[in-house]
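Coordinates in review
Next come the chains, spelled out residue by residue.
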Amino acid sequence: MAPAVENIVTAFKGFDAQLRCRGYQYEVGKTYEHAGKIEACASGFHACEHPLDVFGYYAPASNRYAEVTLSGEMDGNDSDTKIAAARITINVELSISDLVRRAWDYVWSRATIEGETATGNCGAASATGDSGAASATGDSGAASATGYRGAASAMHATATAHASGRYGRVRGVAGSALHLDRRDDDGAITHVWAGIVGREGITPMTWYSLDESGHPVEVAGSES
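What counts and how
- Residues numbered from 1 in each chain as written.
- Predicted model: local features only at pLDDT ≥ 70, side-chain atom pairs only at ≥ 80, totals over all residues.
- Heavy atoms only, no water.
- Domains from an automatic or database assignment.
- Contact = heavy atoms within 4.5 Å.
- Buried area = accessible area lost by both parts, 1.4 Å probe.
- Buried < 20%, exposed > 50% of the residue type's maximum accessible area, 1.4 Å probe, protein only.
- Helix = DSSP H or I, 4+ residues; strand = E, 2+ residues; numbered from the N terminus.
- Pairing = 2+ DSSP bridges.
- Phe/Tyr/Trp six-rings, centres within 6.5 Å; stacked < 30°, edge-to-face > 60°.
- Disulfide = S-S within 2.5 Å.
- pLDDT = per-residue confidence, 0-100.

The chain appears in an unreviewed UniProt entry as DUF7666 domain-containing protein from Rhodoplanes elegans.

Set out below in structure tokens:
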């Protein structure tokens, strides 16, 4: 008989400023094991599959975050992507920008392509032409604009918007994630930025692009 395959999940975990969670001290690079019952929100080591779900437990202020690996016995949570596991490895500490980029990867990898407007849950919208516009309005939706002066909108608090073309711009509602690339005249990426609407001065439903220094600045948009 073939041996059972162990469940292994890459997830994201929040901590306080001392890298503690509920009084338990963690260290990057270490693995920890729980010997008792595994139950979501009750016992075991907890982390979230969706990177931005960690903010529901550790708000981005003085708290810290990490990518982790969960393994062994697991138990899920119906309200979000939180998982309890018997074993956790703290892989690498992440910044807020790192979490947003991983949120984009998480959403896009699970999304269903719907054209330039995605209205369904986990829907993905992509605009590839010059001055194209993509909008994601559903839960965990993703909007991507890759063309020259493309625009991407995240119209749900769990949606993400990414503009990777030259002079691209993004906007979103509070809680959504934004990701921008800045390119030079040859198309090479010179700066990358990621943020969450409603935090660090990013205003809801306001268009942003990157300036020459790679900082997000408000810009005019063609959509109301």
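**Points about the domain arrangement of the chain**
Segmenting the chain into domains produces domain 1 (8-110) and domain 2 (151-218). Computed from C-alpha coordinates alone, the two centres of domain 1 and domain 2 are separated by 26 Å. Counting from both sides, the interface comprises 11 residues of domain 1 and, opposite them, 14 residues of domain 2. Of the roughly 990 Å² buried between domain 1 and domain 2, counting both surfaces, carbon and sulfur atoms make up 68%.

**Here we look at the pairing of strand β16 (residues 177-183)**
Within β16, six of the seven residues are buried, which leaves the element mostly enclosed by the surrounding structure. The pairing of β16 with strand β17 (residues 189-196) spans seven bridges and is antiparallel. In the strand pairing of β17, L178 is matched with G195. Counting the residues in the hairpin turn of β16 and β17 gives five residues, including G187, whose phi is positive at 90°.

**What to know about the packing of aromatic side chains**
Under the counting rule described, the total for this entry stands at nine aromatic pairs. Plain terms: the ring middles of Y24 and F45 are 5.7 Å apart, the flat faces sit at 75° to each other, and that makes the pair edge-to-face. Placement of Y24 in strand β3 (residues 24-25) and of F45 in strand β5 (residues 45-48) is noted, with a sequence separation of 21 residues between them. A residue is classified by how much of its surface remains accessible, and F45, at 5% relative accessible area, is buried. Each ring, one from Y26 and one from Y32, has its centre 5.2 Å from the other, and the planes form 80°; the classification is edge-to-face.

**Details of the state of the cysteines**
Using the criterion set out here, one finds zero disulfides in the structure. Residue C21 stays outside any disulfide, its sulfur separated by 10.0 Å from that of C48, the closest cysteine. According to the relative accessible area criterion, C21 is buried, its value standing at 12%. Lacking any disulfide linkage, C41 is separated from the closest cysteine sulfur, that of C48, by 9.0 Å.

**Remarks on the side chain of H46**
Examined against the element boundaries, H46 turns out to sit in strand β5. When neighbours within four sequence positions are excluded, H46 is seen to be in contact with K13, E39, A40, C41, K82, I83, A84 and I88.

**Some words on the confidence of the model for the chain**
This prediction gives the chain a mean pLDDT of 86; 90% of its residues lie at or above 70. Per-element averaging of pLDDT across the chain places strand β8 (residues 112-113) at the bottom with 62 and strand β4 (residues 31-33) at the top with 98.

**Description of unusual backbone geometry**
One non-glycine residue, C41, lies in the positive phi region at around 70°. Unusually for a residue other than glycine, Y167 sits at a positive phi of about 60°. Mapped onto the elements, Y167 comes out in the loop between β14 (160-163) and β15 (169-172).

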